[in-house]
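Notes for the structure review
Here is how the chains run, residue by residue.
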Amino acid sequence: MLLPLVFMLGLGAFIGWRILFIIGVLALIGLLWLIHRARSVPTAERIWLAGATPPRKTEKNPTALRVYSGNRWKRRILELPAGENLCLTGPGAAGFARWVVGQALLYGQGYLSPKNPEPWQAVKTENDKYKLEIRVLAPQDAPACSDHQVALVIAERPPSWAQRIMYLKAKRGRLGEAWFASLKMALEANPSELALAEPDPGESLPRVVGSDLLGEVTPEAITSRWNAPAVGLTTTLGLTGEGTPWVLDLVSEGPHALVAGTTGAGKSELLTTWLLGLALQYSPTDLRFILIDYKGGAAFGELERLPHVHGVLTDLQPRLTARALQSLQAFLKARETELARVCARDTDHYFHLTGKRLARVMIVVDEFRALAMDHPEVMENLIRLATHGRSLGLHLILATQKPGGIVNGQILANANLRIALRVRTGADSSDVLGDSRAAKLPAIPGRLYWEGLNEGLAQAAWCGSGSWATETVGIIKEAWGGFQEIFPTATTSKLPEIWLPELPDSRTAPPGAFALTDWPQLGSQQWREPQGLFGIFGNPGTGRTTSLLTLAVGEAIQAHQLVIVSPTPQHFANLVAADPRERVVFSPEDLWQLDRLAVLATEGNLEGVAVLLDRADLVADAFERISPGQGNKRLEGFLSGAGAGGYRVAFSAPLSVGRSSWGTLASERFVLMPRDTVDLHTGGIEAVGTRVRLAEVLPSTVAPGRGVWQFDGTCVEAQVGLPSSARAVTSSSPLERRGLSQLLAELPRDLGPADIPQFENAVTLGWASERNDWATFSPQRYWQVEDAAILRGLVSQLKREYRRLGYVIQDVESYEVEQNKGKTLLVVSNSEHNQSNLRNFWESFEKMLNFDVTILELVSPGTFSKNLTKLPPRFAISRTNILALSKSAEVRHRLASSFQTDPETLRKLQVTTNFPAIFSDEKGLSPLLFPKSNVRHLT
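It should be emphasised that the depicted structure is a prediction, and the values quoted were computed from it without experimental measurement.

Within the protein chain, the regular secondary structure consists of 30 helices and 36 strands. When contacts within the protein chain are restricted to residue pairs at least 6 apart in sequence, those whose partners lie at least 24 apart make up 67%. Carbon and sulfur atoms form 54% of the exposed surface of the protein chain, whose accessible area is close to 43800 Å².

Listed below in C-alpha cells is the structure:
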C-alpha cells in the first residue's frame, strides 16, 4: 500500500493535488470493492453453514450442474450440462471435485450415484428423482452418460474420451475428505434437503391384520366360491394406508410378481396368506400351485397338503427342480398348441371360444436368490417360462431377502407387480421400487409397499404364528372332497399333470421293448428298443446281464434267431429251452463255438441272426487265445460286420473299455449307473452340441438298470425293463430255415463207447470238430495211428468197430496171406520186423483184385512222415492218418510237416477244441475226440 501512495505523492507534485485526490478516492473505492468481493467467496465453513439451513427452492429436473468455480478474483460459474463429462487433473483435482459435488448436493442440483466407488457413493432418496445423477468414473470406465447424468473423472492423465479437461493447482483451504464425509452423513441423516425427518410410514395402520379379511372359511362357503366363474386371480391380502382392504388381482396387475423382504419382515407369511386366499377363491381345477422353497423346505410345509399344490420343490432336491421346470416347458408347449388349434389369443379367449377353462398355474419361489446362485440354468428357465407364459395362464412369484445382484432388467421387465417389505438398505429397496422407501419401514412383520396398477402402503393379513393356516388347509381339503363327490368326472379330467413322476426302479418291458426313456422336456416317457450296433457299459452289479436278457427276450419275440455268448449261460437257459433249434448260448470259454461264430459271420452265414455278447471284453480275450495278437482286431471285425453281414449285435462290457478300439464302434451306447459325468465320458458318451448337457441327464436314482442312453445325437435317462417270462417265448421262424444248433453245435467233452452211434458198413471213431459230425469211414481203409499212450482209447474203438462189422483182428506176425478166408483187421505194431513183413504183404495185396484185409499200422513219431511216402498208391487213396495233438511247439512243427500245413493252424485247432488227436484223410484235417479206454497195452 505504501508504494502506490509514494507514487501518487510524487505524481501530485507534477500534475496537481486535485487530480491526485480524485485518483486516490477512486483507488480506495476499488480496494474496498475487492475486499468485499474476496470476503463474499463461499469458503468451506460458509458452505457448511449454508448446509445447516434449508436452501432456497431449486428448479425441478435441472438440465446442468451450475456451481461456483471457487476462483477469488474471477467469479465464474462452472456449468456442466447433463450427458457430458468433466475430467479434473492436477494436484488439486480431488479437492476441487469435493467443492463441486458439495455445492451440487447442498443446492439440490444433483445426487451421488449409488453405483459410484467410495467415498463418492450415497443412498438415493425420494426427492432425488428430480435431480441429476452425479457419476464419478475411473479412467478405464465406460464414458456413456444418460440425459439425467453428469460425470466427473479424476485422473493424472485424461482419458481419450474426456469431453472437457480442467487442470487444477493445489490451493490452501480446499475441502478435505473429513469435511466431505461429514457432509454426506448430514445429508443421509436428513435426506429431504436437510429438512426435518419424515414420520414413520403407516403410523395409522394396525400392527396385525386378522385373517377374517379372506372371507368365511367353511366347506360350504369355499365350495360356493369354487362354483362361481373363475375370473382373474383376485384375493384380499390386507389393509392399505387409507384403511381400505388391499385387494390384489395377479392377472391384471402382474402377471408376475417380485417380492422382497429381509429376515423377520414377514415374507413367507405373506406368501402363505396369498396362496391360502387364492385357494379359498379358486378350485384345484382352475388353479394349480408349484412351490419352490430354497430355504430348506420349511416355508411351504403346511401348504404342501393343499389339493391345489402339484408339488413342492426344495434345495434338497435340485434335480427334481430342474426336471419339473423342463416338464413345465412341455406342458406350456402343449397348451400353446391347444390355443393355436382354436385360434385363441390367451386362456380367457379360449374359454370364450370353447366354453372350457384351462387351469392357471402359479410358480412361487421363496428365496429365488439362492436358486439363481446355485442353479443359474434353473433361473434362466424360469425367466424364459415367465416370458412365454403370459398368455398361457402361467404366473410367477419370485421372493427374496436381498434382491441386489439378482434382480436384473429381464426380471423387472416381466414382473409388473412389485412388493417390498422391510429391507436392510436403500439399495435393496431401489432394486424393487426404484427408491429407498422400503428401507425406512418399521420392524413390523407384514408392513410393505406395493406397486402395480396402483401403489401404496399396506399391512398384510395374518403375519404371525398360530394354527390358522393348518386349520384352513384342513378345511380346504374337506371342501375338495365334497367337490369331487359332486363333480367326479370334471375334477378328474380337468386336473392338469404338469410333470411326470421319475422313472420307476423296475418295470417289465413290453414285447419288443428294451428300456423306458425319460423325456421331461417333452412331458413323456417312452419305451424304446436299440437300433444298430448297441453297447451296454457298466461295472459289476449294474445290471449288464439282465439288460442283455431283456434284449434277448425282445429279439426272440420278434422271431429272430439268437446267439448268446455269456460267461453265465445258465441265465439264458430258459430262453434257449423254449426253442433250442433257433437259439444257441455258450460261454466265451467255448473257443470252438466262438471261432465258428466268427467264421460264419465272415462267410455271410449269419443273416437274420441277433448276436448278444455278454462281457465283450472276455470275448476279446478268447479271440486272443485263438489268434494271439489278433484278439481285439477279430472282435472289431465281427462288430464292424454287423449290418453289412445281415446280423445284429448288442454287447455288454465294463465301463473302462468304453473308449477301446472296439468299444467306440457302438452306434448306440447305454451307460449303467453312472455316478458323474466322468463315468459317462469313460463309457464313451460325450456332450451332444448345446442341446443336452450331460449333468442334466445323470440319473437321480442309483439302481441296477438305470442309466444314460445315447442315440441319434442325443442323450436321455432310461431304465432297462425287466425281461418277461422267457419260458413262454417261442420263435415263429419257418421250419425250412437251418437250425443254429447245427451250425454252432457244442463240442462233446467226454465220450464213452456207448455214446458213439453205430452205422451199418461204417466205422465210427468219435467226433470230428471241423466236420461238425461223427468221424465215420468205410471199413476198407489204411489206418496209420501214432503209437502213443493217449491214443490207446482210439485203437480200442477201432477194434470194437471192426469186430462189430465181422472182422477178425490179427497181428502181422501171425498172419498168412494164403490163409485169408474172410474180413481181417491186420494190426502192425511198431517194430522193424513188422515193418519188413508189412512191405512184403503190400506186394501180395497189390496182386489181389479184391481183398478184405484192412491194415492198422501203429507208427512211431519218428518214422511217421517217412512211411507216408512209402505207401503204395492203392492204399494211399483210402489212407487215414491219426496223430496225437500236443501243446509243445516242437511237436506242432513236426505234425505240421507231416500233414503239410502250418503250425498255427494246428495250434488253433488244438486251442479251440482241446481234443487229444487229429486225423487227416482225403477230405482234410480235423481234431478228433474218441472214447477213453483203460487199456494199458495194445494187442
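What follows is about the pattern of salt bridges. The tally for this structure, following the rule as stated, stands at 24 salt bridges. The network of salt bridges with common partners includes Asp435, Arg437 and Glu451.

Backbone-to-backbone hydrogen bonds join strands into a sheet, with any given pair of strands oriented parallel or antiparallel. With mixed pairing, 10 strands are arranged side by side in an open sheet as β19-β18-β27-β26-β25-β20-β24-β23-β21-β22. Bordering the open sheet on either side are β19 (524-528) and β22 (583-586), each of which pairs with just one other strand. Ignoring which end each strand starts from, the neighbouring axes of this sheet average 20° apart. In this sheet, strand β24 (residues 648-653) lies alongside strand β20 (residues 534-537) in parallel orientation, the contact comprising 4 bridges. Following the sheet pairing, Gly535 is matched in β24 by Phe651. Against the sheet, helix α20 (residues 616-626) engages β21 (561-565), β23 (609-613) and β24, with an angle of about 100° to β24. Packing of helix α21 (residues 631-640) onto the sheet brings it into contact with β23 and β24, and relative to β23 it is tilted by some 145°.

Along the chain, Leu639 turns up in helix α21. Residues Leu639 and Phe651, 12 residues apart in the sequence, show an inter-C-alpha distance of 9.3 Å. With residues near it in sequence (within four places) discarded, Leu639 still touches Leu533, Leu613, Val649, Phe651, Trp662 and Leu665.

Our next topic: unusual backbone geometry. In this structure, the amide linkage connecting Glu118 to the following residue, Pro119, adopts the cis form with an omega of 5°. Secondary-structure assignment places Pro119 in the loop between β4 (110-112) and β5 (132-137). One non-glycine residue, Cys343, lies in positive phi territory at about 60°. Along the chain, Cys343 turns up in the loop between α9 (318-341) and α10 (347-354).

Our next topic: the packing of aromatic side chains. On inspection of all chains with the given rule, the structure shows 18 aromatic pairs. The interplanar angle of 85° and the centroid separation of 5.9 Å between the aromatic rings of Phe514 and Phe670 together place this pair among those described as edge-to-face. Of this pair, Phe514 sits in the loop between α16 (488-494) and β18 (515-519) while Phe670 is found in strand β25 (residues 668-672), placing the two residues 156 residues apart along the sequence. When sorted by exposure, Phe514 lands in the same class as Phe670, which is buried. Ring pairing ties together the aromatic residues Phe514, Trp519, Phe534, Phe670, Trp709 and Phe711, which thus form one cluster. Of note, Arg528 hangs over the ring of Phe711, and the distance from its end group to the ring centre comes to 3.6 Å.

What follows covers empty space enclosed by the protein. Under the definition given, this model contains 7 cavities of 30 Å³ or more. Considered as a void within the structure, the largest cavity measures approximately 80 Å³ in volume. In this structure, the largest cavity is lined by Ala230, Gly232, Leu233, Tyr282, Asp286, Thr347, Asp348, Arg357, Leu358 and Arg360. Looking at the lining of the largest cavity, its residues break down into 4 nonpolar, 2 polar and 4 charged.

This paragraph deals with the confidence of the model for the protein chain. Overall, the predicted model of the protein chain reaches an average pLDDT of 81, with 83% of residues at or above 70. Counting interchain partners and residues more than four positions distant, the pLDDT-below-50 stretch residues 193-199 has 11 contacts. For the stretch residues 726-737, pLDDT sits under 50, and the model shows 27 contacts to residues farther than four places along the chain or on other chains.

Our focus in this paragraph is the pairing of strand β3 (residues 85-89). Of all 5 residues in β3, 5 are buried, a share of seventy percent or more. Here β3 shows two buried faces, one formed by Asn85, Cys87 and Thr89 and the other by Leu86 and Leu88. Inspection of the sheet shows β3 paired to strand β6 (residues 149-154) by 4 bridges, in the parallel sense. Across the sheet, the residue bridging to Cys87 is Val153, located in β6. Across 4 bridges, β3 lies against strand β7 (residues 164-167) in parallel orientation. Pairing of Thr89 across the sheet is with Tyr167, part of β7.

Parameters and conventions
Residues numbered from 1 in each chain as written. Predicted model: local features only at pLDDT ≥ 70, side-chain atom pairs only at ≥ 80, totals over all residues. Heavy atoms only, no water. Helix = DSSP H or I, 4+ residues; strand = E, 2+ residues; numbered from the N terminus. Contact = heavy atoms within 4.5 Å. Areas by Shrake-Rupley, 256 points an atom, 1.4 Å probe, with all protein chains shown as cover. Salt bridge = Lys/Arg side-chain N within 4 Å of Asp/Glu carboxyl O. Pairing = 2+ DSSP bridges. Axes fitted to C-alpha atoms, helices over the stretch in contact; angles between N-to-C directions. Phe/Tyr/Trp six-rings, centres within 6.5 Å; stacked < 30°, edge-to-face > 60°. Buried < 20%, exposed > 50% of the residue type's maximum accessible area, 1.4 Å probe, protein only. Lys NZ or Arg CZ within 6 Å of the ring centre and 35° of its normal. 1 Å grid on protein atoms, 1.4 Å probe; cavity = no way out; pocket = protein on both sides within 12 Å on 5 of 7 lines; lining within 4 Å. Points joined across faces, edges and corners; volume = space filled by probe spheres on them. Nonpolar A, V, L, I, M, F, W, Y, C, P; charged D, E, K, R; others polar. pLDDT = per-residue confidence, 0-100.

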